[in-house]
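Architecture and fold: a report
Below, each chain spelled out in residue letters.
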Amino acid sequence: MSKKILVVGGVAGGASVAARLRRHSETDQIIMFEKGPHVSFSNCCLPYHLSGIVPKAEDLVLMCPEKFATQYNIEARVGNEVISIDRAAKTILIRKIENGEEYRESYDKLVLSPGAKPIAPPIPGIENVNTFSIRNVVDIDRLNKFIKSSAAKNISVIGGGFIGVEATENLKEAGYNVTLIEAMPQIMKPYDYTMVQILHKELYDHGVNLIVNDKVEKFEENKILLGSGKVVEADVVVMAIGVKPETDLAIQAGLDLGKTGAMKVNQNYQTNDPDIYAVGDVIEVYSYLYNDYFQLPLAGPAQKQARGVADHINGMVIDNRGYIGSSVIKVFDYNAASTGLNEGMIEALGLSLSYETVKIIPNDKVGLMPFGAVAHFKLIFEVPTGRILGAQAIGKGNIDKRIDVIATVIKFGGTIYDLKDLELCYAPPFGTAKDIVNFAGYVATNLMNCDFKQVHVADVRPLIEQGAYILDVREQGEFELSHINSAVNIPLSELRQRTDELPKDKPLYLHCRSGQRSYNAVLALQNLGFKDVYNISGGFMGLCFFEYFNDKTLDRTPVVTDYNFD
């Protein structure tokens, strides 16, 4: 027997539900409702219209109502806003945007995919500046046309999440003076503070005026006044503070919200009304890693949820194992990817996890190959189980591949012991015989076995201030180019013959360029009887990336004689 299925909202969630529903049945009546003029568009590509990478706004539109009708036999009604749900009568009330006319449609099954809306706090004086948000094709077209027609030069982006950073990059590439303002101490929450400094540096090096840990207090005419007293000139302000689930329709209908404020659904994405489903940015999802709910406004999960809903409506069983949260972003010349938990999330959520971290900076290809680059890779794993909790990678190469491997291992319940034994593709133009994720597994198992001890780059400045003994085991020429101010240089090639120069009554903190040679030095010293020896993970390069942005923007004294990022 055929069904009448209504879908509220398009794009990744709603449009995917509708298409999958049609693949299940040619007799079901499927109608999509979209408040705006476009039911299917590439929302993840919106910022790239600002730089001209996507030349025309209409290029962002993927499917029009006519194509849905001819290719899928789906009726897509744009400019139609669903304003209420009558659950008892199983009807929805729709208003036509162009004339205000209202009408009702009945349903057998209803799928809600209204998405999330930009957060717009009531900042005093907001009427004094030209503010824009980025949610759909209309928004990005309006913003781009205004910038060009008004001859704007100074553009400020408020909020350092995905949209804010991508908008910043593309506006800078288009030739504007761009300021990125973030109230928190860092941009991009999927990355730990020690890792995100690489992205801070990249924005700074490309001429972006990046301001972190400073909140917008109020606006004056074409000016932003910050809590620190700084004043930022702004012909245009892009509000990218974040998004919140579009739950008005759910609240009106008496549908349950979850603990995060998003819609609550069960494992089949059903609400507390079994004939009403919800997917995408409007719902909260269950964490595979820490057994609680969180919001995950990403396109990939929305499409997976959409498939699950269409399958369940057609009597199929859904295998919903929860979500881990995997993402990737381009920031000028760097790519950054993450999956699972990071240290900041573990602390913010108050998770009682015992864990350890690995930070390595290996080459992403064989060193003889052109276009090779280093990859900054961080792994977080549980102690004592070895269960992988998360990973982050930043570099100029295909770091997404490495994080995808980690994400896969996490979803299969893998451990650090699995990482070291993974058989991955290798040829010199593509990687190394021992891939980055293999290396991470080796280091993690060494730490688990207590083969060596480590400290991290965030510990180095305090150690210097405490007068700690820091040993640089790079060669003399490397040391002379740049080094930690108080470090002693004994190259690894000479270390075994010069151990009498090392103090026996205090801890030794060793580093090299990236942490690999100093790891060998740590083991050598341990085997020679030294007990209190630590490797500085990430080495001198990691320290330089970590310290650089704050040194430059806080006008503080560097702990290195010069920076080395190669």
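Details of the structure are given in the entry above.
Read on for an overview of the structure. Just so it is clear, the structure is predicted and the values come from calculations on it, not from any experiment. (Residues numbered from 1 in each chain as written. Predicted model: local features only at pLDDT ≥ 70, side-chain atom pairs only at ≥ 80, totals over all residues. Heavy atoms only, no water.)

**A closer look at the packing of helix H1 (residues 11–24) against helix H7 (residues 299–313)**
Where H1 meets H7, the axes come as close as 8 Å, and the angle between the chain directions of the two elements is 35 degrees. Handedness of the crossing formed by H1 with H7: right-handed. Here Ala12, Gly13, Ser16, Val17, Arg20, Leu21 and His24 of H1 come into contact with H7, specifically with Ala299, Ala302, Gln303, Ala306, Arg307, Val309, Ala310, Asp311 and Ile313. For the contact of H1 with H7, the residue count by class is nine nonpolar, four polar and three charged. (Axes fitted to C-alpha atoms, helices over the stretch in contact; angles between N-to-C directions. Helix = DSSP H or I, 4+ residues; strand = E, 2+ residues; numbered from the N terminus. Left-handed = near helix turned anticlockwise from the far one by under 90°. Contact = heavy atoms within 4.5 Å. Nonpolar A, V, L, I, M, F, W, Y, C, P; charged D, E, K, R; others polar.)

**Let's talk about the sheet that holds strand S8 (residues 102–106)**
The sheet built from three strands is open, its strands ordered S6-S7-S8 with antiparallel pairing. In this open sheet, the two edge strands, each paired with only one partner strand, are strand S6 (80–86) and S8. Direction aside, the axes of adjacent strands within the sheet are offset by 30 degrees on average. Both strand S7 (residues 91–96) and S8 contribute to a ladder of five bridges, which runs antiparallel. (Pairing = 2+ DSSP bridges.)

**Some details on the packing of aromatic side chains**
Aromatic ring pairs are reported here in terms of the distance separating the ring centres and the angle at which the planes meet. This structure, assessed with the given rule, holds 14 aromatic pairs. When the centroid spacing of 6.1 Å and the interplanar angle of 40 degrees are considered together, the rings of phenylalanine 68 and tyrosine 72 count as tilted. Taken as a pair, phenylalanine 68 and tyrosine 72 lie in helix H2 (residues 65–72) at a separation of four residues, close to a single helical turn. Residue classification places phenylalanine 68 among the buried positions, given a relative accessible area of 3%. When the centroid spacing of 6.1 Å and the interplanar angle of 80 degrees are considered together, the rings of tyrosine 193 and phenylalanine 546 count as edge-to-face. (Phe/Tyr/Trp six-rings, centres within 6.5 Å; stacked < 30°, edge-to-face > 60°. Buried < 20%, exposed > 50% of the residue type's maximum accessible area, 1.4 Å probe, protein only.)

**Thoughts on the sheet that holds strand S17 (residues 231–233)**
The strand order across the open sheet built from three strands is S15-S16-S17, with neighbouring strands paired in antiparallel fashion. The outermost strands of the open sheet, each flanked by one partner alone, are strand S15 (216–220) and S17. Between one strand axis and the next, the sheet turns through 25 degrees on average, direction left out of account. As judged from the three bridges shared by strand S16 (residues 223–226) and S17, these two strands associate in the antiparallel manner. Along S17, the bridge assignment pairs leucine 225 with valine 231.

**Some thoughts on the packing of helix H5 (residues 193–205) against helix H16 (residues 539–554)**
Their axes nearest at 7 Å, the elements H5 and H16 cross at an angle of 55 degrees. Our classification of the angle between H5 and H16 gives oblique. The handedness of the crossing between H5 and H16 comes out as left-handed. Taken together, the residues of H16 that come into contact with H5 (itself represented by Tyr193, Thr194, Gln197, Ile198, His200, Lys201, Tyr204 and Asp205) are Phe545, Phe546, Tyr548, Phe549, Asn550, Lys552 and Thr553. (Parallel < 35°, antiparallel > 145°, perpendicular 65-115°, else oblique.)

**Notes on the environment of arginine 23**
Tracing the backbone shows arginine 23 in helix H1. Residue arginine 23 is classed as exposed on the basis of its relative accessible area, which comes to 55%. Linking arginine 23 and alanine 310, residues 287 residues apart in sequence, is a C-alpha distance of 9.3 Å.

**Remarks on the pattern of salt bridges**
Here the structure, examined in full by the defined rule, presents 36 salt bridges. With a shortest N-O distance of 2.7 Å, aspartate 275 and lysine 109 are connected by a salt bridge. On the criterion of sequence distance, the pair formed by aspartate 275 in the loop between helix H6 (248–252) and strand S20 (276–278) and lysine 109 in strand S9 (residues 109–112) is long-range, its members being 166 residues apart. The exposure class of lysine 109 is buried, given its relative accessible area of 18%. One salt bridge connects arginine 321 with aspartate 319, and the closest N-O pair in it is separated by 2.8 Å. Given a relative accessible area of 48%, arginine 321 falls into the partly exposed group. By relative accessible area, aspartate 319 is classed as exposed at 55%. Salt bridges linked by common partners bring Lys4, Glu75, Arg77 and Glu105 together as one network. (Salt bridge = Lys/Arg side-chain N within 4 Å of Asp/Glu carboxyl O.)

Functional significance is not addressed by these values, which are geometric in nature.
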